[in-house]
Amino acid sequence: VDSLLDIGNLFAIFCIMTIMLFIGLADDITSLSARGRFFIEIIAISILMVNDSSFVIDDFHGLWGVHKIPLYLAVPLTIVAGVGIINAINLIDGVDGLSSGYCIFACVLFALFFYMSGMYVNLILALAVIGGLIPFFMHNVFGKYSKMFIGDAGTLLLGAVMAYFV
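Residues numbered from 1 in each chain as written. Predicted model: local features only at pLDDT ≥ 70, side-chain atom pairs only at ≥ 80, totals over all residues. Heavy atoms only, no water.

Participant: Lay out the layout of surface pockets with the relevant residues and their values.
Facilitator: Volume-wise, the second largest pocket comes out at about 200 Å³. Around the second largest pocket, the lining residues are Ile85, Ala88, Ile89, Ile92, Tyr102, Phe105, Ala106, Leu109, Phe110, Phe113, Met162 and Val166. Per element, the largest residue contribution to the lining of the second largest pocket is six residues, and it comes from helix α5 (residues 98–116). Taken together, the residues of the lining of the second largest pocket break down into twelve nonpolar, no polar and no charged. (1 Å grid on protein atoms, 1.4 Å probe; cavity = no way out; pocket = protein on both sides within 12 Å on 5 of 7 lines; lining within 4 Å. Points joined across faces, edges and corners; volume = space filled by probe spheres on them. Helix = DSSP H or I, 4+ residues; strand = E, 2+ residues; numbered from the N terminus. Nonpolar A, V, L, I, M, F, W, Y, C, P; charged D, E, K, R; others polar.)

Participant: Please set out the pattern of salt bridges residue by residue, giving values where relevant.
Facilitator: Taken as a whole and judged by the stated rule, the model has three salt bridges. One salt bridge connects Asp27 with Arg37, and the closest N-O pair in it is separated by 2.5 Å. Of this pair, Asp27 sits in helix α2 (residues 8–30) while Arg37 is found in helix α3 (residues 34–51), placing the two residues ten residues apart along the sequence. Since its relative accessible area comes to 14%, Arg37 is described here as buried. Three or more residues joined by partner-sharing salt bridges are found here, namely Asp27, Arg37 and Asp152. (Salt bridge = Lys/Arg side-chain N within 4 Å of Asp/Glu carboxyl O. Buried < 20%, exposed > 50% of the residue type's maximum accessible area, 1.4 Å probe, protein only.)

Participant: Break down the packing of α5 against helix α6 (residues 120–142) for me, with residues and values.
Facilitator: Their axes nearest at 8 Å, the elements α5 and α6 cross at an angle of 155°. Comparing their axes, α6 and α5 come out roughly antiparallel. As α5 runs across α6, the sense of the crossing is left-handed. Where α5 approaches α6, its residues Ser100, Gly101, Cys103, Ile104, Cys107, Val108, Ala111, Phe114 and Tyr115 are matched on the opposing element by Tyr120, Asn122, Leu123, Ala126, Leu127, Val129, Ile130, Leu133, Ile134, Phe136 and Phe137. When grouped by side-chain class, the residues that make up the contact of α5 with α6 number 17 nonpolar, three polar and no charged. (Axes fitted to C-alpha atoms, helices over the stretch in contact; angles between N-to-C directions. Parallel < 35°, antiparallel > 145°, perpendicular 65-115°, else oblique. Left-handed = near helix turned anticlockwise from the far one by under 90°. Contact = heavy atoms within 4.5 Å.)

Participant: Describe the packing of aromatic side chains, listing the residues and the values that go with them.
Facilitator: Following the criterion strictly, the structure yields five aromatic pairs and no others. Centroid distance Phe114 to Phe165: 5.1 Å. Interplanar angle 70°. Geometry classified as edge-to-face. Of this pair, Phe114 sits in helix α5 while Phe165 sits in helix α7 (residues 151–165), placing them 51 residues apart in sequence. An identical accessibility class is assigned to Phe114 and Phe165; each is buried. (Phe/Tyr/Trp six-rings, centres within 6.5 Å; stacked < 30°, edge-to-face > 60°.)

Participant: I'd like a rundown of the environment of Met49, residues and numbers included.
Facilitator: As for its placement among the helices and strands, Met49 is situated in helix α3. Relative accessible area serves as the criterion here: at 11%, Met49 is assigned to the buried category. Each C-alpha atom, one on Met49 and one on Val75, is 8.1 Å from the other, the two residues being 26 residues apart in sequence. Residues in contact with Met49, not counting those within four places in the same chain, are Phe55, Val56, Val75, Thr78 and Ile79.

Written out as structure tokens, the structure reads:
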């Protein structure tokens, strides 16, 4: 019950989700410049790092023989990884159901990990994302007459959530 009341990090991710939604919506309507979007994505990832120091990729736990990473390398690595995840989700939106299917699959795995580690607030967020994406996925994969793109608004928001989960 105590972990369900620990919602401190949710405020930051909800703010980032809102920013990404509005930036994506503005891009869908007016076609923002790539530089402008890239700059805002960097700011969004930086806000998450400032809000929660555990958001920084500072330890590989022995992967490839790498353990602790100094902060001057960890911060740029986290920004590159976060912006890369956001843009990867955005780029795969053009294939019917790929971005939504990928995010559903990723959120199922994250939900399992969050459940096993007792991170129930993140578990609820992962389940909410799954619930929002399943109808969209079903329409795109099994719909006969029309297909939908999530659009930049949706993919930037999903990318920010996936970066937060990672």
